[in-house]
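As a plain string of letters, each chain reads:
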Amino acid sequence: MELLNVKSVDKSYGGVVANHDVSLTVPKGKIVGIIGPNGSGKTTLFNSIVGHHPIDSGEIHFNGKEISSLTIPKIARLGMLRTFQQTHIYDKMTCVQNMQISSNIDANWKRIFNPFSKEVDEMVDELLAFVGLFRKRFLLAGDLSFGQQKLLEFAMALMKKPTILLLDEPTAGVNPTLINGLIDRLRQVNEEKGITLLVIEHNMRVIMNLAEHIYCLANGTMLADGKPDEIQNDQRVIDAYLGN
Amino acid sequence: MITKDKQNTLIWLGLVISTIVPFLFPNHITLLTYIWVMIILALTWDMLGGQTGYTSFGNILFLGVGMYVCAVVQRDMFSSGLGRFERVSEVVVNLNVSEYFISLAVGTLSGAIVAVVLAVILGSGILGMRGHYFAICTLGLGHAAAEIASGIDYIGAGSGMVTPLYPSELLIGKEAFYYYAFLLVAVATFFLFRKIYQSQFGLALNAIRDNENKAESMGIHTTQYKIAGWSISAFFLAIAGAGIGNVIGFIDPVEIAFSGPTFGVWMIVMAILGGKGTIWGPVLGAVILYSAKETFWTYLLGWDKVALGLLILIVVVYFPKGILGYFKDRKQLSNSILSQKGEE
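Residues numbered from 1 in each chain as written. Chains lettered and ligands numbered in written order. Predicted model: local features only at pLDDT ≥ 70, side-chain atom pairs only at ≥ 80, totals over all residues.

## Re the overall build of chain B
Cut-off, in case you're wondering: Secondary structure is summarised from DSSP: a helix means a run of H or I of at least four residues, a strand means a run of E of at least two, and numbering begins at the N terminus for each. Computation of the radius of gyration draws on C-alpha atoms alone. For the globule rule, the value is 2.2 Å times the number of residues to the power 0.38. Around each residue's C-beta, the other C-beta atoms within 10 Å are counted; 20 or more make the residue buried, 12 or fewer make it exposed, and counts in between make it partly exposed. All C-beta atoms are placed from the backbone. By the criterion used throughout, residues are in contact when their C-beta atoms, derived from the backbone, lie within 7 Å.
A tally of regular secondary structure across chain B gives 15 helices and 2 strands. The C-alpha radius of gyration of chain B comes to 21 Å, within 12% of the 20 Å expected for a compact globule of 344 residues. Seen through its C-alpha atoms, chain B measures out along the principal axes to roughly 80 × 50 × 40 Å. Here chain B holds 344 residues, and 43% of them are scored as buried. A separation of at least 24 residues holds for 80% of the contacts in chain B among residues at least 6 apart in sequence.

Dropping the structure here:
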């Protein structure tokens, strides 16, 4: 079943065409990758999907629902979350607070002036342990290293129990040892919690290991798609990366 | 680190002292009253300015609105309305004891409600703006309100209006009554705000301060939280305004009600001086700034504003995060050193 369906999306900034006629589908429960040279429109596509900016034309369906005109918080509440290329965390708050606020806040206006519930706190501890930040939980998130902040942001996204996670370069700036741990955890999340992943990645080793299906963007258009080994041997993809 | 038990003991001790202080210094009750007023102003400003990171220069609007609405209710509730040729600024209403307090209570509450309604309406308009743009937008609020109030004859226009006389037959004097009233409101504000900052709501405000884009992408309706925070501030500011009008006994649109250069600036300076974004910072800042202001005025008359400016300058240069912010940073630093040692 298709969880996310992007149909011929166009997006341009002034005269610059960032995405032209881009289509992709993400089946439920799978890990799908997006690759492409710098400036090929990968992050723009993410921004379009999560409602960061309106799209010029095309359709985006999530769980069978048209979402291209919804705002970011509304889409997030439907169960689609994204992480950023540069870490976006709440730097003056502790790790625990970062996690707590990422859970679903009580919609009930009477309970909103209460602290977070015990269940939330248990989940915070469990997920912080999962990404290996439990011992740092009372530090300010801004004092963590870049790699740790990426892990924290990943754990924060898990607090929301999303159906799909859009990860924008999860391993960029993370040291090689941590990268292996991160891949394991991404896979674990996908298998055990059934969270669908859509991953932008520059690190070929990572994406070839992780994804079951890969899309390659170049100059704002969809260049090729297929299984990892098909993509690896596709002459067009190699040309795009080498700039021929 | 002060433990929670110790902190509570300190609070109770402070409250006991505050309760008996008027008996020790009967000649300085009004001055002491103003300390509580300042604490309320600083605390309410900090809700948006400190905890949410949205600097507002327009909170004075709610103070003035509370003041005027309360005064109008006090004037008109039990009297037959204005005489046709009376000058509003000279109308002094005499009320008996029960009339005075009923109209004061109703007036204060209506002032607070009007302020909240205003905060919601204005907030949904301008709180969609981020950071500095919001600050610039609020810059004109107080001034515009003063201009508008100066043009409405019903509230005395530019000459202002007089609040009712305090009934003389009461045992407790006017000064003492307003001292305890403000003590009560300030303490209630403090405890309520402390509860809010420890709650989910408070954490959402902090999240907006640290990274509003992230908060939004995590599904938090940020504008609604900002409006709610501003409304809570407006509610308590308007209550304070209603009281100030009665303590001074006279309301003037430019000099008192919507007085940007005094109350409007003080509330910001006090919160920053004590440490914005903390619960005790505004309290500390209010006590220090107001005491300093009165001391300078008493002993350095003529140079008092220079001395006050110098004090603010010293704090901004050496304690840019305020007094409590300075200590908070040091504590956080030692925390992170400790955790690194534990790692080895």
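Having put the structure on the table, let's press on.
## As for the overall build of chain A
A count of helices and strands for chain A gives 9 helices and 10 strands. Projecting the C-alpha coordinates of chain A onto the three principal axes gives extents of approximately 55 × 40 × 35 Å. The buried share of chain A, taken over its 244 residues, is 43%. Contacts spanning at least 24 positions in sequence make up 67% of the contacts within chain A whose residues lie at least 6 apart.

## Some details on the domain arrangement of chain A
Reports often express the size of an interface as the amount of accessible area lost when the parts come together. Residues and elements named next belong to chain A. Selection criterion: Each domain's extent was defined by an automatic or database domain assignment.
When cut into domains, chain A gives domain 1 (2–79 + 163–242) and domain 2 (95–161). Placing a centre on the C-alpha atoms of domain 1 and another on those of domain 2 gives a separation of 25 Å. The partner domain 2 presents 8 residues to the 8 residues of domain 1 that form the contact. The element contributing the most residues to the side of domain 1 that touches domain 2 is helix α6 (residues 176–192), with 3 residues.

## Some thoughts on the sheet that holds strand β6 (residues 80–83) of chain A
Residue and element names in this part refer to chain A. Worth spelling out the cut-off: Following DSSP output, two strands are said to pair if at least two bridges run between them. Between N-to-C directions, angles span 0 to 180 degrees; the directions come from axes that are lines fitted to C-alpha atoms, helices contributing only their stretch in contact.
Across the sheet, 6 strands lie side by side as β6-β7-β8-β3-β9-β10; this open sheet has mixed pairing. Two strands close off the open sheet at either side, each with one partner strand: β6 and β10 (221–226). Ignoring which end each strand starts from, the neighbouring axes of this sheet average 20° apart. Bridge count for strand β9 (residues 213–218) against β10 is 5 bridges, and the pairing is antiparallel. Residue pairing for β10: I214 is matched across the bridge by G226. Contacts from helix α1 (residues 42–49) reach β3 (31–35), β6, β7 (164–168), β8 (196–200) and β9 within the one sheet, and its direction differs from that of β7 by about 150°.

## So, the interface of chain A and chain B
What counts is decided by this rule: Only Asp, Glu, Lys and Arg are considered charged in this grouping, and only Ala, Val, Leu, Ile, Met, Phe, Trp, Tyr, Cys and Pro are considered nonpolar; every other residue, Gly among them, is considered polar.
At the junction of the two partners, chain A supplies 30 residues and chain B supplies 24 residues. For the side of chain A that touches chain B, the secondary-structure elements that each account for two or more residues are α2 (72–78) and α3 (95–102) of chain A. For the side of chain A that touches chain B, the residue count by class is 16 nonpolar, 5 polar and 9 charged.

## A short note on the packing of helix α2 (residues 29–51) of chain B against helix α10 (residues 222–248) of chain B
All names here are of chain B. Using the following cut-off: Throughout, the term roughly parallel applies to angles under 35 degrees, roughly antiparallel to angles over 145, roughly perpendicular to angles from 65 to 115, and oblique to all others. By definition, turning the near helix anticlockwise from the far helix through less than a right angle yields a left-handed crossing, and turning it clockwise yields a right-handed one.
The contact between α2 and α10 brings their axes to 8 Å, and the two run at 160°. As judged from the angle between their axes, α2 and α10 are roughly antiparallel. Read as a crossing pair, α2 and α10 show a hand that is left-handed. Only G229, W230, I232, S233, F236, L237, A240, I244 and V247 of α10 make contact with α2, whose side of the interface consists of T30, T33, V37, I40, L41, T44, M47 and L48. In terms of residue class, the contact of α2 with α10 is built from 12 nonpolar, 5 polar and no charged.

## Concerning the pairing of β3 of chain A
Taken residue by residue, a regular strand's side chains alternate between the two faces of the sheet. Residues and elements named next belong to chain A. The buried fraction of β3 is high, at 5 of 5 residues. Residues I31, G33 and I35 line one face of β3 and the alternating positions V32 and I34 line the opposite face, and both faces are buried. Two elements, β3 and β8, share 4 bridges in a ladder whose sense is parallel. Bridge assignment links I34 to a residue of β8, and that residue is I200.

## Focus: the environment of M156 of chain A
Residue and element names in this part refer to chain A. Examined against the element boundaries, M156 turns out to sit in helix α5 (residues 146–159). By the C-beta count within 10 Å, which is 27 here, M156 ends up buried. With 70 residues separating them along the chain, M156 and Q86 place their C-alpha atoms 15 Å apart. For M156, the contacting residues outside a window of four places in its chain are N98, M99 and S102.

## Remarks on the sheet that holds strand β5 (residues 65–66) of chain A
Sheet strands associate in pairs through backbone hydrogen bonding, adopting either a parallel or an antiparallel arrangement. Residue and element names in this part refer to chain A. Spatial ordering of the open sheet is given by β2-β1-β4-β5, a layout of 4 strands whose pairing is antiparallel. On the outer flanks of this sheet lie β2 (16–27) and β5, each paired with one strand and no other. Across 2 bridges, strand β4 (residues 57–62) lies against β5 in antiparallel orientation. Across the sheet, H61 pairs through a bridge with E66, a residue of β5. Sitting on the sheet, α1 is in contact with β1 (2–13), β2 and β4, with an inclination near 65° to β2.

## Some details on α5 of chain A
All names here are of chain A. To be explicit about the condition: One less than the residue count of a helix, multiplied by 1.5 Å, gives the span that helix is expected to have.
Taking 1.5 Å of rise per residue, the 14 residues of α5 would be expected to cover 20 Å, and the 20 Å separating its terminal C-alpha atoms lies within 8% of that figure. Counting buried residues in α5 gives 12 out of 14 residues, a clear majority hidden from the surface. Every buried residue of α5 is listed here: Q148, Q149, K150, L151, L152, E153, F154, A155, M156, A157, L158 and M159. Positive backbone phi, at 45°, marks K161, one or two positions downstream of α5.

## What about the packing of helix α3 (residues 60–76) of chain B against α10 of chain B?
Residue and element names in this part refer to chain B. It is at 7 Å that the axes of α3 and α10 come closest, and there the two elements cross at 55°. Our classification of the angle between α3 and α10 gives oblique. The two elements α3 and α10 meet at a crossing, and its hand is right-handed. Packed against α3, whose contacting residues are F62, L63, G64, V65, G66, M67, C70 and A71, the element α10 presents A234, L237, A238, I239, A240, G241, A242, I244 and G245 at the interface. Grouping the constituent residues of the contact of α3 with α10 by class yields 13 nonpolar, 4 polar and no charged.

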